[in-house]
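Architecture at a glance
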Amino acid sequence: MFSWDCETTGVDLRHGCKPYYVTYTDESGTKFLEWGVNPIDRQPIIPDEDIDFLKGLINNEVTRVGHNARFDVLCLESIGVTNLESFPWLSLRDTLLAGHLVNSGSPLNLTDQVMLYLGVDISPYEDKLEKACKSARDYCRRHLPKWRIAKKGLPEMPSAGEEDWKADGWLLRALAYHHWETQEREDFNPDKEYPHEYYTLLSDYANADSYYTLQLWGALWGEIQRRGLEAVYYERLKILPILYRMERDGLTLSSSEVSRVLEEFSEEEDRCTKVCINIAKSYNHDLVMPAGSSVNQSLKELVFDKMGLEGRPGKKAKTDVPSLDKDALDRYSRSCTGKPLMFVNSLLKKRHAAKMIGDISTYNRFWHEEGCVHRLHPNINPTGTTTLRCSCRNPNLQNIKKKGDGGESVKSLFRPGPDREFWSLDGKNLELRIPSFFAPEPELVEVFNHPDQGPYYGSYHLVVFDALYPELFHKHGKNCKDLYEATYYQWVKNGNFAIIYGAQEETADSTYRVRGAYQRVRDRFPNIARLSDQIITLANKQGYVSTIPDIEVDPERGYPLMCSRSDYGRISPTIPLNYFVQGTACWWKLRALVKVDELLRQWREDDGFSGFINLELHDEVILDFPKVGDPRVDPDNSNLWRIKKIQEAMESCGTAIGIPTPTSIEYHPDTWAVGINF
DNA sequence: TAACTGGGCGCC
DNA sequence: AGGGCGCCCAGTTA
């Protein structure tokens, strides 16, 4: 068993950042390889024999321990040591995955985990390095302007912005050598505290990392064994190569659509900004328009003081400062006319345009150009949430606006490349089904199992609609869905999701817009109400909730999700059912990804089929396939049979947790924003 | 300057 | 006591 860790010139390995230091620890101790970095272009200078040596090292060992090992595998790939297909993924022992499994609610960085499980404080290594790096960076800014210090705006590091100093660990040794070679400054002493340690500070820090990563693995695995969670760990491990592949393949945007939309919306933003400024002038106010959707003093002063609109706090606000969010602006606009009304409407339009432009600019920092498309490779983090959801960043592709306000959406820019097509598969009503079948709630089980039968036709929302508006439902039946699409039916949906998200009585009633709705829903679904109560009690007793056990993995144990406690030691009643549902849904999705990936790999071997997974959206999977034929014209000469296989595989994951999980199929030949149901 | 906080907004 | 995220901006604090 050995552990390894790479230090890099930044996290953006697909944009030119590279490892310059590899540390590894095994039974015989801790060793390392260190390479000089050219300060002008930030590229490490790596001897061929070191690459060969690393190849041997990686291939010889049986188990490999890493902290967020997927990143370190990508490091090795970026310098030609290994690659996706040949790396022995299932031999990995990852202290990030293990740490989340053992305690999903605690900080997972190495320093915190080593403190928690080994009682050792390694923060002094990092603190010393941070201090020295910052001094070195200051020194370079003053005396060596040609040296390429990490900062926002460098094309090779689009993620720069936070903790930039971490990308400049190489700088200490580079500066020390530079001084030794040139002796150009007598007073060379950028850091008064550590002037003579520039050769070794990075090394001390990095070597401690690989050493303690190995120790930490031992502690975590002991805990996993004690709690009998080995099978759950091994199942989770399967996700790493899938995410690695997903990040590599990424998601494409149409470059011509991007240019067109950018131009149109820039004009729109300018126009609306001018309207706002002119209206402000008529109030004797020189409005300084805030960027994007943000709010500044100038805007507040105009709206609340000079126009005299009555401010109200926002729904989710932590303070009682008057809100200027979309919801608040909508409310204000209903109570005003004339210039204030025109102002509010222009401000909303300006924000809409600015949001679109802002999203595209963020993508622009990250994308790679490939002919007529741009390709994004986001970072997907399987331990990025306190539930089992993955988080996504650089850029985040899990919050792409679906529909424009009457206009275009960012989603419409995401288009398949030439001779490609998108498909998406979505677990239908997954989060509503989980408590319904698990409780179980016989009425809802019946409804979900018979989507063709009246009066509810498989719709959870219609059942609640009936409970809250019995007269209307008696009169119109399932037509209520269309008749009250924007009003009662929408409010019912909002309320249902609010409850899934943990809303308590007051919030639920106000979301449903019906007094007493919360209690009526509880009365209608007594078993779900009881499940919620029981799971809150259990969570307070044991500190966590478990997802539904999967009979194909471990019929006894699900994935434990820690519930955070307030200062008084109680768990918020909003949390337990939500974690249970959200976590179980994502367990389903993780297993679905494993099965989908298995099919895709099989097809690749069978006939070279090049289909891949672009993205996962918690209960949904997006696929990028080669265009074969239009399934609407000739289903037999299309990818439809493959998609049906994938659908079958995903649905089978529901069986293993006792929840029927019908999965819908959408075909996107043109753009992700438009889907054709199959 | 850099780090932090809150507001705003998008998704499931 | 409405769950889980990431990103940008403005304004304050160290």
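Here goes a summary of the coordinates provided. Not measured: the values here are computed from a predicted model.

Let us look at the overall build of chain A. Within chain A one finds 24 helices and 17 strands. The buried share of chain A, reckoned over its 678 residues, is 54%. Relative to all contacts within chain A whose residues are 6 or more apart in sequence, the contacts with residues 24 or more apart total 66%. Of the roughly 31000 Å² of accessible surface on chain A, 49% is carried by carbon and sulfur atoms.

Turning our eyes to something else, we now look at the protein's contact with DNA strand C. The environment of DNA strand C is formed by 30 residues, the closest being Arg 389, Asn 394, Tyr 501, Thr 507 and Tyr 579. Here DNA strand C approaches the protein such that, of its atoms within 4 Å, sugar and phosphate make up 66%. Here Thr 362 contributes a side-chain N or O atom positioned 3.4 Å from a phosphate oxygen of DNA strand C. Here a phosphate oxygen of DNA strand C sits 3.2 Å away from a polar atom, N or O, in the main chain of Thr 386. Of all the elements in the fold, those that place two or more residues in the surface near DNA strand C are helix H13 (338-366), strand E10 (391-393), helix H20 (505-512) and helix H23 (576-607).

If you trace the backbone, Pro 470 turns up in helix H17 (residues 470-476). The partly exposed category is assigned to Pro 470, whose relative accessible area is 35%. A sequence separation of 95 residues divides Pro 470 from Arg 565, and the C-alpha atoms of the two residues are 40 Å apart. In this structure, Pro 470 is in contact with Phe 465 and Arg 520, ignoring residues within four places of it in sequence.

On the basis of which strands lie adjacent, the open sheet formed by three strands has the order E6-E8-E7 and antiparallel pairing. Across the chains shown, the open sheet's two edge strands, defined by having one partner strand only, are strand E6 (251-254) and strand E7 (368-370). Averaged over all neighbouring strand pairs, the angle between strand axes comes to 35 degrees, with direction disregarded. Running at roughly 55 degrees to E6, helix H10 (residues 255-281) makes contact with E6 and strand E8 (373-376) of the sheet.

So, on to the protein's contact with DNA strand B. Around DNA strand B, the structure places 24 residues, and the nearest of them are Thr 319, Leu 324, Asp 325, Lys 326 and Arg 389. Those atoms of DNA strand B that come within 4 Å of the protein belong to sugar or phosphate at a rate of 83%. Here a phosphate oxygen of DNA strand B and a side-chain polar atom of Arg 141 are 3.5 Å apart. Note that a phosphate oxygen of DNA strand B is positioned 2.7 Å from one of the side-chain N or O atoms of Lys 326. Those elements giving two or more residues to the surface near DNA strand B turn out to be helix H5 (123-143) and H13. In the surface near DNA strand B, the residues fall into six nonpolar, seven polar and eleven charged.

What follows covers the packing of helix H2 (residues 69-78) against helix H9 (residues 239-249). Running from N to C, H2 and H9 point in directions that differ by 55 degrees, and their axes come no closer than 10 Å. As the angle between them shows, H2 and H9 are arranged oblique. Considering only the axes of H2 and H9, their crossing is right-handed. Note on element contacts: H9 touches H2 through Leu 240, Leu 243, Tyr 244 and Glu 247, opposite Arg 70, Val 73, Leu 74 and Glu 77. Class assignment of the residues belonging to the contact of H2 with H9 gives a composition of five nonpolar, no polar and three charged.

Right, let's get into the pairing of strand E11 (residues 420-427). Counted residue by residue, E11 has seven buried out of eight residues, so it is predominantly covered. Summarising the sheet, E11 and strand E15 (residues 620-626) pair through seven bridges and their orientation is antiparallel. Bridged to Asp 426 within E15 is Glu 620.

Conventions and cut-offs
- Throughout, a residue's number is its position along its own chain's written sequence, starting from 1.
- The order in which chains are written sets their letters, starting at A; the order in which ligands are written sets their numbers, starting at 1.
- The predicted nature of this model means local features are confined to residues of pLDDT at least 70 and side-chain atom pairs, given and counted, to a pLDDT of 80 or more, with totals for whole chains, interfaces and linings taken over all residues.
- Water and hydrogen atoms were dropped before computing side-chain values, which therefore reflect all heavy atoms in the structure.
- Helix and strand assignments come from DSSP, with helices taken as H or I runs of at least 4 residues and strands as E runs of at least 2, each series counted from the N terminus.
- Burial classification: accessible surface area is computed with a 1.4 Å probe over protein chains only, and a residue below 20% of its type maximum counts as buried, one above 50% as exposed, and the rest as partly exposed.
- What makes two residues a contact is simply this: any of their non-hydrogen atoms within 4.5 Å.
- Here, Shrake-Rupley sampling with a 1.4 Å probe gives the accessible areas, and only protein chains in the shown set may cover a residue.
- For this description, a residue counts as near a given molecule or strand if any of its non-hydrogen atoms is within 4 Å of it.
- We define a polar contact as two N or O atoms separated by no more than 3.5 Å, with the added condition that, inside protein, one atom must be a possible hydrogen donor and the other a possible acceptor, whereas residues neighbouring each other in sequence contribute only through side-chain atom pairs.
- Between any two strands, at least two bridges found by DSSP are needed for them to pair.
- Each axis is a line fitted through C-alpha atoms, taken for helices only over the stretch in contact, and angles between the N-to-C directions span 0 to 180 degrees.
- Each residue gets one label: Ala, Val, Leu, Ile, Met, Phe, Trp, Tyr, Cys and Pro are nonpolar, Asp, Glu, Lys and Arg are charged, and the others, such as Gly, are polar.
- Should an angle lie under 35 degrees it is considered roughly parallel, over 145 roughly antiparallel, and from 65 to 115 roughly perpendicular; all remaining angles are considered oblique.
- Left-handed describes a crossing in which the near helix is turned anticlockwise from the far one by less than a right angle; the clockwise case is right-handed.

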